[in-house]
Amino acid sequence: MSDNTEQNDAAAEVAGNEIQITILGQYIKDLSFENPTPAQTIQKLSTEQPSMNINVNLNAQQVGEDIYEVDLKVTATAQANEETAFVAELLYSGLFGIKNLPENQLQPFLMVEAPRQIFPFARRILSDVTRDGGFPPLMLEPIDFAGLYQQQLAQANAQNEAAAGEDDIVVN
């Protein structure tokens, strides 16, 4: 009988240390669509292809014990010649409950996996809003969040090395 109790206690301890990640919610924090000259722009776009500029920014912050908010901001600007056809800006957020994730894995999760989970929803919202604005739906290509994260780490390391080099004192 005591063997069963010890096994149950050990199983409960292992279960208590398991990594637990849940999506507590997803929501639009801010959505903007600007269509400065719709009549002229739609006429121009019937004969020419607009140029697109897409910017993506990520931010993550702890908002409670074991609760993190990840913000995915996407700004899409379409231009026909030098005139702005439209500007769509979306700040889409996910709220994640995270327990027992090792500290060295927290930032990669928040900057790679969490945005990967919420991106399809943000993509659909931008597609709908551009279509509803009178333009063809904007279909964003999948984003390599792992590649972006690695690029940011490399830039941060290069900046740290440059800053460390500036502090060196050279005596002739």
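Everything numeric in this text was worked out from a predicted model, so none of it was measured.

Help me understand the environment of Leu72 in this model?
Checked against the element boundaries, Leu72 lands in strand S3 (residues 67–80). Judged by its relative accessible area of 0%, Leu72 is buried. Placed 46 residues apart in sequence, Leu72 and Ile118 show a C-alpha to C-alpha distance of 8.1 Å. Once you skip the residues sitting within four places of it in the chain, Leu72 turns out to touch Val56, Asn57, Leu58, Leu90, Leu91, Tyr92, Ile118, Phe119, Ala122 and Phe145.

Can you help me understand the pattern of salt bridges in this one?
Here the structure, examined in full by the defined rule, presents seven salt bridges. Among the salt bridges present, the one from Lys73 reaches Glu89, with a minimum N-O distance of 4.0 Å. With Lys73 in strand S3 and Glu89 in strand S4 (residues 83–99), this residue pair connects regions lying 16 residues apart in the sequence. Owing to a relative accessible area of 25%, Glu89 belongs among the partly exposed residues under this scheme. Glu113 is the partner of Arg116 in a salt bridge, and the nearest nitrogen-oxygen pair spans 2.5 Å. Linking Arg116 with Glu113, this pair stays in helix H3 (residues 103–132), spanning three residues, or about one helical turn. A relative accessible area of 24% places Glu113 in the partly exposed class. Each of the salt bridges in this network shares a partner with another, and the network as a whole consists of Arg124, Asp128, Arg131 and Asp132.

Parameters and conventions
- Residues numbered from 1 in each chain as written.
- Predicted model: local features only at pLDDT ≥ 70, side-chain atom pairs only at ≥ 80, totals over all residues.
- Heavy atoms only, no water.
- Helix = DSSP H or I, 4+ residues; strand = E, 2+ residues; numbered from the N terminus.
- Buried < 20%, exposed > 50% of the residue type's maximum accessible area, 1.4 Å probe, protein only.
- Contact = heavy atoms within 4.5 Å.
- Salt bridge = Lys/Arg side-chain N within 4 Å of Asp/Glu carboxyl O.

The values are spatial; any link to function lies outside them.
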